[in-house]
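Close look at the chain arrangement
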2 protein chains.
Amino acid sequence: MRHGVDGERLWARLMAMAEIGATSGGGSCRQALSDMDEAGRKLFLGWCEARGYRVRKDRVGNLFVRRPGSDPAATPVLIGSHLDTQPTGGRFDGVLGVLAGLEVLETLDDRTVETDRPIDLCVWTNEEGCRFQPAMMGSGVACGLLDLETTLAARDGGGITLADEINRHGYDGEPMPGLPDADCYIELHIEQGPILEAEAKTIGVVTGGQGIRWYEISVVGEETHAGPVPMALRKDPVPMLMHVIGLVQAIGRTDEAARCTIGKIELSPGAINVVPGRADMTVDLRHPDKAVLDKMHQRFMDGLDALRQGHAEIDLQGRLTWHSPVIAFDRVLIEAVRTSARERGLTHRDIVSGAGHDAFNLARRVPTTMIFVPCRDGVSHNPREYAAPADVAAGASVLLDVALARARAMIPLAGEFATPA
Amino acid sequence: MRHGVDGERLWARLMAMAEIGATSGGGSCRQALSDMDEAGRKLFLGWCEARGYRVRKDRVGNLFVRRPGSDPAATPVLIGSHLDTQPTGGRFDGVLGVLAGLEVLETLDDRTVETDRPIDLCVWTNEEGCRFQPAMMGSGVACGLLDLETTLAARDGGGITLADEINRHGYDGEPMPGLPDADCYIELHIEQGPILEAEAKTIGVVTGGQGIRWYEISVVGEETHAGPVPMALRKDPVPMLMHVIGLVQAIGRTDEAARCTIGKIELSPGAINVVPGRADMTVDLRHPDKAVLDKMHQRFMDGLDALRQGHAEIDLQGRLTWHSPVIAFDRVLIEAVRTSARERGLTHRDIVSGAGHDAFNLARRVPTTMIFVPCRDGVSHNPREYAAPADVAAGASVLLDVALARARAMIPLAGEFATPA
């Protein structure tokens with residue numbers, strides 16, 4: 001059998017990191033740039049410093065941990081992920097990619113393997129987007145897809161800006177290095193879906209990512225008392241909410257690869273005995289094929305138009321607030337993942353990422369791919385999120401293989417960047 | 001024409017009170033026992049003290065302002081309403097009944113009219129129920145329908161107890177007088193519905209009140225990431241929410257007098273890219289006929305059962321959390337309102353109260369009735385809430401007539417208490 005990473009060390013660190021911001025039920029809450037996120041980063045940086053790795057920080061708090069290569073002119077191989085979590089986060093989402101990346105660096109050191117290229121382990125700030133919007137913020141800024149000043153001005157629900165937190169944690173002292181001129185980017189992640197587990201595959205060879213579109217829907221009627229006004233005379237936004245839910249569900253049924261989610265609903269003023277004057281909701285549409293996603297978008301807009309015309313008493317508005325294009329990963333890197341899995345005797349299948357990842361931003365700048373491992377019941381963003389130790393170690397070893405192959409420059413790259421859809 | 005109240009003085013005071021907790025759009029926010037509510041009470045008490053009326057306060061902050069009668073053995077006529085508002089309250093809901101009551105006392109003084117019975121003007125604490133639950137709290141305790149200690153332990157959304165606020169405002173110094181042994185209770189209020197305005201009637205002769213039932217519905221599925229999990233494998237509570245909205249709307253269409261409202265919906269964790277694990281909603285069902293309301297309740301429970309059986313992957317729970325029975329007001333007092341309107345040449349019609357009122361609690365203890373005046377567009381619990389000065393004065397004069405007739409003991413009472421349904 002081929003040598004791999006130290007699975008026990010990796011597992012112990014995953015469990016140690018989970019204690020930072022531990023929640024009942026076994027999950028973690030380390031929302032981006034909170035005290036808990038910062039504590040998690042300090043734990044991680046302690047491990048890096050113990051091995052003497054040089055760490056750089058940029059203006060949005062992205063961390064770059066370098067294991068040097070022997071060729072001073074060679075561009076680095078980037079690996080990594082994120083340490084922040086959802087409020088109801090688990091122990092593996094993001095954290096696995098970062099700690100497996102550290103495991104890659106240390107395994108090379110433990111075996112005194114010299115590489116031509118340096119390897120930079122990246123920790124991206126605010127991948128989750130639950131506290132500060134948009135998601136995948138740190139990699140977005142690093143890749144030049146988000147404006148730095150606009151990003152620093154983003155506010156959380158309590159009115160605190162990203163800049164406030166960046167300053168508080170001392171990330172503003174150094175100039176922004178930006179994305180290093182890099183050879184490629186490879187990210188290991190849990191699948192966050194049920195497919196690998198259902199088919200008993202250890203490795204997901206990720207060929208690309210779904211396009212994502214986010215919408216805000218507002219339904220404005222007229223607030224009134226719950227008792228006196230007859231149903232027929234009300235301008236109640238709630239029945240319209242029902243129609244919009246139905247529309248979104250119908251779009252989700254048109255194609256097996258479609259994903260449609262309503263994650264937030266708010267009624268105003270939100271009192272048991274008041275017919276709400278307003279309802280707000282979010283909609284998240286995803287599909288791996290741009291043409292189908294375009295059709296879903298059009299069907300959604302047309303559906304809202306039809307609802308609007310059928311209910312003149314209600315003001316229904318829907319607008320696209322953010323999108324992430326359909327992503328195709330680098331063909332050579334994809335093949336390198338497939339080869340590693342095959343050579344290690346690991347079951348594997350091609351898979352499309354349903355979730356958004358920092359790798360989607362990187363893919364617009366450098367050759368990129370991802371490696372997935374199964375997670376139990378497909379559950380993620382939840383304290384129940386779980387990946388088996390053997391799968392975690394297998395994924396980290398595939399990451400090691402692909403990073404090492406690139407850092408030694410043994411596989412040619414397709415030379416094609418992923419094409420944003 | 002018969003003498004009535006001083007409409008200009010009453011209007012000026014309504015406008016002065018509206019400045020306390022004034023909100024943009026012309027409304028007021030004086031949630032129960034907040035600083036603004038207390039400031040409104042102080043303004044009111046200043047007016048009472050200027051006329052030398054004795055004021056008593058009970059353990060939940062109800063105020064009783066007495067104009068004495070000549071017969072020391074006679075029980076008082078109670079009039080009144082409340083000064084607290086919804087967060088998005090208007091200038092008339094509750095306030096009208098209190099300030100018109102003060103106008104009754106002062107008009108009798110201005111004209112040096114002596115009555116046999118004392119008249120007690122009541123200001124009930126926390127009628128609205130938006131900050132502390134349940135609604136109609138002060139009158140509920142006074143009428144022995146709510147337990148005092150349980151009520152004092154009620155907490156607002158920030159964890160502050162009613163007792164904290166009672167102590168802070170100094171209402172805990174005196175023993176609780178309870179509801180005085182009273183002759184009757186009469187409350188003037190805006191209709192909070194569109195019927196009087198639509199039919200161009202000045203006085204609503206209120207014959208009783210709708211029964212009200214409140215429910216909490218929880219829908220528990222499984223939280224997961226918005227991208228990877230196929231629609232068919234999700235345990236998403238949102239489609240179930242759609243079915244429950246549809247059920248509630250269908251119940252609202254079965255009978256013209258039915259009122260069905262969903263005032264609150266909350267998705268947890270409530271993030272744009274997370275399939276929620278849980279949805280919570282409130283339902284408010286009302287009808288003036290107990291038999292029909294019972295049928296609506298049964299239909300709702302049966303509907304939830306059917307939904308539950310059709311969606312085994314989702315845990316759907318619904319429970320009745322509070323109810324207010326169908327109320328029939330006192331026949332003699334109702335006739336006294338009708339007589340006053342007729343003799344004053346005011347257009348009037350019988351009407352059922354769609355909203356809950358402190359009068360519903362009082363009706364379970366003493367002969368009770370209400371007088372309604374129109375409000376523009378039927379809008380209430382909203383800054384746009386408006387009643388015309390002439391209608392406000394007309395309603396106050398009818399209140400004067402009925403209170404005066406009872407305080408002089410010129411009309412016999414039916415001797416029947418309202419029967420809780």
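Rules used throughout
Residues numbered from 1 in each chain as written. Chains lettered and ligands numbered in written order. Predicted model: local features only at pLDDT ≥ 70, side-chain atom pairs only at ≥ 80, totals over all residues. Heavy atoms only, no water. Helix = DSSP H or I, 4+ residues; strand = E, 2+ residues; numbered from the N terminus. Contact = heavy atoms within 4.5 Å. Domains from an automatic or database assignment. Buried area = accessible area lost by both parts, 1.4 Å probe. Salt bridge = Lys/Arg side-chain N within 4 Å of Asp/Glu carboxyl O. Polar contact = N/O pair within 3.5 Å; in protein donor to acceptor, adjacent residues only side chain to side chain. Nonpolar A, V, L, I, M, F, W, Y, C, P; charged D, E, K, R; others polar. Expected span 1.5 Å × (residues − 1). Buried < 20%, exposed > 50% of the residue type's maximum accessible area, 1.4 Å probe, protein only. Pairing = 2+ DSSP bridges. Least-squares fit on C-alpha atoms with pLDDT ≥ 70 in both.

Attention now goes to the side chain of Asp93 of chain B. Mapping Asp93 of chain B onto the fold places it in the loop between β3 (77–81) and α3 (95–110). When near neighbours in sequence (up to four residues on either side) are disregarded, Asp93 of chain B contacts His82, Asp84, Glu128, His189, Ile190, Gln192, Ser380, His381 and Glu385 of chain B.

What follows is about the domain arrangement of chain A. All names here are of chain A. Taken domain by domain, chain A comprises domain 1 (7–210 + 326–407) and domain 2 (211–324). Distance between the C-alpha centres of domain 1 and domain 2: 34 Å. Contact with domain 1, which involves 11 residues of that partner, is made by 12 residues of domain 2. For the pair domain 1 and domain 2, the two sides together bury roughly 830 Å², of which 63% comes from carbon and sulfur. Run the count over domain 1 and domain 2 and you get zero salt bridges. Here domain 1 and domain 2 share one residue pair in polar contact (both at pLDDT 80 or more) between them. When its residues are assigned to classes, the side of domain 1 that touches domain 2 shows seven nonpolar, four polar and no charged.

What follows deals with helix α1 (residues 7–18) of chain B. Note: α-helices contain 3.6 residues per turn, so residues at a spacing of three or four share the same orientation. Residue and element names in this part refer to chain B. Taking 1.5 Å per residue as the helical rise, α1 with its 12 residues ought to reach 16 Å, and the 17 Å between its terminal C-alpha atoms agrees with that figure. Those residues of α1 lying buried are Arg9, Leu10, Trp11, Arg13, Leu14, Met17 and Ala18. Among the structural elements, α2 (35–50), α3 and α12 (389–407) are those in contact with the buried residues of α1. At the N-terminal end of α1, a side-chain oxygen is found 3.2 Å from the backbone nitrogen of Glu8, two or three residues along, and the residue is Asp6.

Turning our eyes to something else, we now look at the pattern of salt bridges. Counted under the stated rule, the structure contains 56 salt bridges over all chains. Across the pair Glu222 of chain B and Arg384 of chain A runs a salt bridge whose closest N-O atoms are separated by 2.6 Å. Here Glu222 of chain B, found in the loop between β7 (211–220) and β8 (224–225), pairs with Arg384 of chain A, found in the loop between β16 (368–373) and α12 (389–407), and the two come from separate chains. Classification of Arg384 of chain A by relative accessible area gives partly exposed; the value is 39%. Taken together, the salt bridges that share partners define one network made up of Arg9, Arg13, Arg51, Glu103, Glu106 and Asp110 of chain A.

Right, let's talk about the pairing of strand β10 (residues 265–268) of chain A for a bit. Residues and elements named next belong to chain A. Of the two faces of β10, only the one carrying Ile265 and Leu267 is buried; Glu266 and Ser268 on the other face are not. In the sheet, β10 pairs with strand β12 (residues 278–287) via four bridges, with the strands oriented antiparallel. Within β12, the position partnered with Ile265 by the bridge is Met281.

Here we take up the relation of the copies chain A and chain B. When chain A is fitted onto chain B, the two copies agree to an RMSD of 0.1 Å after a turn of 179° and an axial shift of 0.0 Å. Each copy turns onto its partner about a two-fold axis. Considering only C-alpha atoms, the residue of chain A closest to the rotation axis is Met242 of chain A, which sits at 2.4 Å. Comparing interface residues between copies, 100% of those in chain A also sit at the interface in chain B, which points to an isologous, same-surface contact.

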